[in-house]
Amino acid sequence: MTTAPRKIRKIVFPVAGLGTRFLPATKVIPKEMLTVVDKPVIQYAVEEAIEAGIEHFVFVTGRGKGAIEDHFDMAFELESTLKARGKTASFEMLEGSRPPAGAASFVRQQEPLGLGHAVWCAREIIGAEPFALSLPDMLIQSKPGCMAQMIETYNARGGNVVAVEEVPHEHVNRYGVCALGETFNERTHAITGMVEKPKIEDAPSNLIISGRYILQPEIFAHLEKQKPGAGGEIQLTDSMISLLGEQNFSAYKFDGTTYDCGDKVGYLSANVAYALDRPDLAPAFRPILDRLTKSSHP
Ligand code: UTP
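A quick note: this is a predicted structure, and the numbers were derived from the prediction, not measured.

**Details of the overall build of the protein**
Here's step 1: Scanning the protein from N- to C-terminus turns up eleven helices and 13 strands.
Here's step 2: Here the C-alpha radius of gyration of the protein, 20 Å, is about what a compact globule of 298 residues would show, namely 19 Å.
Here's step 3: The principal-axis extents of the C-alpha atoms in the protein amount to approximately 60 × 50 × 40 Å.
Here's step 4: Counting only contacts in the protein whose residues sit at least 6 apart along the sequence, the fraction spanning at least 24 positions is 76%.
Here's step 5: Accessible area of the protein: about 15200 Å², with a carbon and sulfur share of 54%.
Here's step 6: Within the protein, one finds 31 positive and 37 negative side-chain charges whose respective centroids are separated by 4 Å.

**Looking at the environment of Ile 200**
Here's step 1: Of note, Ile 200 is situated in the loop between β10 (188–196) and β11 (207–215).
Here's step 2: Along the chain, Ile 200 and Met 74 lie 126 residues apart, while their C-alpha atoms are 47 Å from each other.
Here's step 3: Ignoring sequence-local partners within four residues, the contact set of Ile 200 consists of His 169, Glu 170, Val 172 and Asn 173.

**As for the site of the ligand**
Here's step 1: Around the ligand, 17 residues are found, and the nearest of them are Thr 20, Arg 21, Lys 31, Gln 109 and Gly 114.
Here's step 2: At 2.5 Å from an oxygen atom of the ligand is found a side-chain nitrogen or oxygen belonging to Thr 20.
Here's step 3: At a separation of 2.8 Å, an oxygen atom of the ligand approaches a polar side-chain atom of Lys 31.
Here's step 4: When isolated, the ligand has an accessible area of 570 Å², and the protein chains bury 83% of it.
Here's step 5: Class assignment for the residues of the shell around the ligand results in eight nonpolar, five polar and four charged.

**Focus: the nonpolar core**
Here's step 1: Counting residues in each nonpolar core, the largest one holds 38 residues, and the members touching the most others are Phe 131, Leu 133, Tyr 213, Leu 215, Ile 219, Met 240 and Phe 249.
Here's step 2: Ranked by the residues each element gives to this core, the list is headed by β11, at five residues.
Here's step 3: Once you skip the residues sitting within four places of it in the chain, Phe 249 turns out to touch Asn 160, Val 162, His 189, Ala 190, Ile 191, Met 194, Leu 215, Met 240, Leu 243 and Leu 244.

**Focus on the pattern of salt bridges**
Between side chains of opposite charge, pairing is possible as soon as their charged atoms come close.
Here's step 1: Taken as a whole, this structure holds twelve salt bridges when the rule is applied.
Here's step 2: In this structure, the salt-bridge partner of Lys 10 is Glu 129, at a minimum N-O distance of 3.5 Å. Within this pair, whereas Lys 10 is found in strand β1 (residues 10–14), its partner Glu 129 is found in the loop between α6 (123–126) and β6 (131–134), the two being separated by 119 residues in sequence.
Here's step 3: Between Glu 48 and Arg 212 there is a salt bridge, and its shortest N-O distance comes to 2.9 Å. Here Glu 48, found in helix α1 (residues 41–51), pairs with Arg 212, found in strand β11; they are 164 residues apart in sequence, far enough to count as distant. As far as the burial class goes, Glu 48 and Arg 212 line up, both buried.
Here's step 4: Connected via shared salt-bridge partners are Arg 9, Lys 10 and Glu 129.

**A look at the packing of aromatic side chains**
The geometry of two aromatic rings is summed up by the distance between their centres and the angle between their planes.
Here's step 1: Counted under the stated rule, the structure contains seven aromatic pairs.
Here's step 2: For the ring pair Tyr 259 and Tyr 274, a centre distance of 6.3 Å and an interplane angle of 70° mean the geometry is edge-to-face. Linking Tyr 259 in strand β13 (residues 257–260) with Tyr 274 in helix α10 (residues 264–276), this pair joins segments that are 15 residues apart in sequence. Across the pair, exposure class does not vary: Tyr 259 and Tyr 274 are buried alike.
Here's step 3: Grouped by ring-pair contacts, the aromatic residues Phe 13, Phe 59, Phe 72 and Phe 106 constitute a single cluster.
Here's step 4: The lysine or arginine in question, Arg 123, covers the ring of Trp 120, its NZ or CZ lying 3.7 Å from the ring centre.
Here's step 5: Note that Arg 157 overlies the ring of Phe 184, its terminal NZ or CZ placed 3.4 Å from the centroid.

**Regarding the environment of Pro 99**
Here's step 1: Looking at the secondary structure, you find Pro 99 in the loop between α4 (88–96) and β5 (104–108).
Here's step 2: The spatial distance from the C-alpha of Pro 99 to the C-alpha of Pro 283 is 32 Å, given a sequence separation of 184 residues.
Here's step 3: In this view, Pro 99 contacts Phe 57, Phe 72 and Ala 104; residues no more than four positions away in its chain are not counted.

**Some words on the environment of Leu 18**
Here's step 1: By the element assignment, Leu 18 lies in the loop between β1 and β2 (35–36).
Here's step 2: Of the residues examined, Leu 18 reaches a relative accessible area of 59% and is grouped as exposed.
Here's step 3: Taking the C-alpha atoms as reference, Leu 18 lies 9.8 Å from Lys 65; in sequence the two are 47 residues apart.
Here's step 4: When near neighbours in sequence (up to four residues on either side) are disregarded, Leu 18 contacts Thr 26 and Pro 112.

Conventions and cut-offs
Residues numbered from 1 in each chain as written. Predicted model: local features only at pLDDT ≥ 70, side-chain atom pairs only at ≥ 80, totals over all residues. Heavy atoms only, no water. Helix = DSSP H or I, 4+ residues; strand = E, 2+ residues; numbered from the N terminus. Rg over C-alpha atoms; globule rule 2.2 N^0.38 Å. Contact = heavy atoms within 4.5 Å. Areas by Shrake-Rupley, 256 points an atom, 1.4 Å probe, with all protein chains shown as cover. Lys, Arg positive; Asp, Glu negative; His and termini not counted. Charge placed at Lys NZ, Arg CZ, Asp CG, Glu CD. Near = heavy atom within 4 Å. Polar contact = N/O pair within 3.5 Å; in protein donor to acceptor, adjacent residues only side chain to side chain. Nonpolar A, V, L, I, M, F, W, Y, C, P; charged D, E, K, R; others polar. Core = buried A, V, L, I, M, F, W, Y, C linked by side-chain atoms within 4.5 Å. Buried < 20%, exposed > 50% of the residue type's maximum accessible area, 1.4 Å probe, protein only. Salt bridge = Lys/Arg side-chain N within 4 Å of Asp/Glu carboxyl O. Phe/Tyr/Trp six-rings, centres within 6.5 Å; stacked < 30°, edge-to-face > 60°. Lys NZ or Arg CZ within 6 Å of the ring centre and 35° of its normal.

Remember that the coordinates give geometry; whether it matters functionally is a separate question.
Here it is, written out as structure tokens:
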């Protein structure tokens, strides 16, 4: 008899990066608090996790990231003022946008030593259960959300699951890249190898790791002894490669569009795409966008 994989209850959001590509905006404001239309980037990732049935939200933060903690707390004065003034819709929107009391944990990375180190900092809160991991600046527009799709794949296959997508071959040196083996279905394949930021000529494919993962807790033992890799940072991909010797990894080609909001062009594109998807904004925004596109020079 095969047992069902253990439920994914917890998610880690590593939000301790410095966001140097977005200076000066990110000197005081965490890059995860930059807004796409009218919502901070981090809130899209939390809503995606809630939709996927996740119950506990672990934020790995650093110095200067206090606004993230405040954002997911109750804004007591603001909310009671909205209630007293009868602004019910705004009050309910705020009330519905934060995790329930006790469902969010915050842990400090202390030093930005890399994504792998940030994930390792969550080990005590995660404990010995499989967990989800989401890099919030990789904003994924999809219905159902990417994390819900990932959990469905995990429930069918167990093990570790990594969201992947194709990029132009000349961009592979910016990402973690996967080599694929057996095909399980149209969207799901076995991973046979991974490499972080390879030289273009050495990349095993053009399928990159897109910032959503389901990982088994054994990853922490590998992260514990992980030496710095690409860019001098402790890389999650390097620890996944050593875990690949012991456990199954599936690559899941999700249905959706990614916007890298840590990058200026990705962030601008996200704002346009999400605004055009909003029935309350698109009718007024589209003609302005058309006019700007026609009149702009390269
Ligand atoms: P990035 O590669 O986007 O790095 O990190 P960054 O430092 O945030 O941004 P730039 O390159 O300086 O502009 C990918 C993810 O890993 C987290 C980031 O917060 C982001 O979610 N991260 C990275 C950490 O939490 N800690 C680190 O030490 C490094």
